[in-house]
Every structure is written in C-alpha cells, then in structure tokens.
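What follows is the residue order along each chain.
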Amino acid sequence: MKDNLKQTWKNSTTPASAVSPNGDQEYLRIWDKNFSDFTGKVLEIGAGDGYLAKYILQSNNDIEYSILDIESHFGYISDKIGDHSRRVKFIPSSKYTDIFSTEWDLLIATHCLSETPRHYYTDILNKISTKSCYIIDYAGDPNDPLFGQTLEEWYGSRFPDSEADLNLKLDGAYKRGGMPLYIGKENK
C-alpha cells in the first residue's frame, strides 16, 4: 500500500467525481461564507478534479497551497487548475508523513478521507497540526464504520467550540438527509 489507497483507487489516473460538470456551487458558497478573506498555508487532501482549489487560488492571493493526493492524479488536477497550478505544491500520498512537518492554517478534505485506509486517515488526524478545517465527508465506505466516529472525535477535540452541521444543499445531500460539514476555526 505504498500510495495508501483503497482498492477503488489502485489503478486510477483521473479522480472520479459525482459532482456536476460545472462543479458544486455549494462548495464555493461555503468557502466564501467561512474563509473569503483567508490567508496562510492550505493543505487540501484529495483535491478531486481541482475545482475547489482553482476557485480558492483565483479568489485568495496570499495563500501557500499544497495538495496531498494520488501521484497519478497530479497532471489531471494541474490541467484543471490551469495557470494557478504553478502556485501549488503537490505531495504524493505515498509521502503523506511529509505534511506533519508543517503547521497548516487550514486543512481541506472533501469526500476523500473516508476513501482512504484506516491507518492513513487516523495517522493524519492524530498527527496533523492545523488551525482551521473545512471538511465534508459522509463516511461513504460501509466497510469502515469507524470513520465517522473517528472524524467526529478528532473534530470535537481539536475544535471544541465549533459544531458540525448537516448541509442539504451539496450535490447528493438531500437523499442522504444532509452531508456532514465540519468548519473549525482556532480561537484567537
């Protein structure tokens, strides 16, 4: 498991996405509502097709952006982000421990952590240093029933004054009764 992948992603060269072809506008609305004036170091885990990364890089100039993902997806994501990709540091999932040497101002993860092996996401959540988070994940793998509990415990211990929400506006959320949304910000 050198790339820390579940079987679903073993031979993947492009990120699969259930998001509409023009992207889910709710991701952008959530960003604008919570982080519109954000500056600092961002780590996005599992950037999908780069839709959110591109928007953030277009909207926020004073950002150091890193993406932790499957190395075979880097070219695809870079193409989707376009000219802004030169501002992105790509970190292969096989070298995920490299992220522990940085204090991140914001961790972004949308529908990806639950798609990784348990050892990978628990190690990340136990060791990452981040001041804020923007996480959407409904724990979609029925073979890993502990993911949701693990994420909620991490979120509750790291951002005790924040409260997770169920968002009904995200693509596919209505039929699930809402998509879990975790916005955490360090108290200043």
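To be clear, the structure that these remarks concern was listed above.
Residues numbered from 1 in each chain as written. Predicted model: local features only at pLDDT ≥ 70, side-chain atom pairs only at ≥ 80, totals over all residues. Heavy atoms only, no water.

**Things to note about the pairing of strand β5 (residues 106–110)**
Stage number 1. With respect to burial, β5 is a largely interior element, five of its five residues being buried.
Stage number 2. Neither face of β5 is open: one carries Leu106, Ile108 and Thr110, the other Leu107 and Ala109, and all of them are buried.
Stage number 3. Of the pairings in the sheet, the one linking strand β1 (residues 40–45) to β5 comprises four bridges and is parallel in character. Across the sheet, residue valine 42 finds its bridge partner in β5, namely leucine 106.
Stage number 4. Of the strand pairs in this sheet, β5 and strand β7 (residues 132–136) are connected by four bridges, and their pairing is parallel. Residue pairing in the sheet places leucine 107 in a bridge with cysteine 133 of β7. (Buried < 20%, exposed > 50% of the residue type's maximum accessible area, 1.4 Å probe, protein only. Helix = DSSP H or I, 4+ residues; strand = E, 2+ residues; numbered from the N terminus. Pairing = 2+ DSSP bridges.)

**Side note on the environment of leucine 125**
Stage number 1. Tracing the backbone through its elements, the reader meets leucine 125 in helix α4 (residues 118–127).
Stage number 2. Along the primary structure leucine 125 and leucine 113 are separated by twelve residues, whereas in three dimensions their C-alpha atoms are 9.7 Å apart.
Stage number 3. Beyond its immediate chain neighbours, meaning those up to four positions away, leucine 125 contacts Leu113, Thr150, Leu151 and Trp154. (Contact = heavy atoms within 4.5 Å.)

**Points about the pairing of β7**
Stage number 1. Where burial is concerned, most of β7 is hidden: five out of the five residues are buried.
Stage number 2. Of the two faces of β7, the one carrying Ser132, Tyr134 and Ile136 and the one carrying Cys133 and Ile135 are both buried.
Stage number 3. Sheet analysis places β7 next to strand β9 (residues 179–185), joined by five bridges and oriented antiparallel. Considered in β9, the bridge of isoleucine 136 is made with leucine 181.

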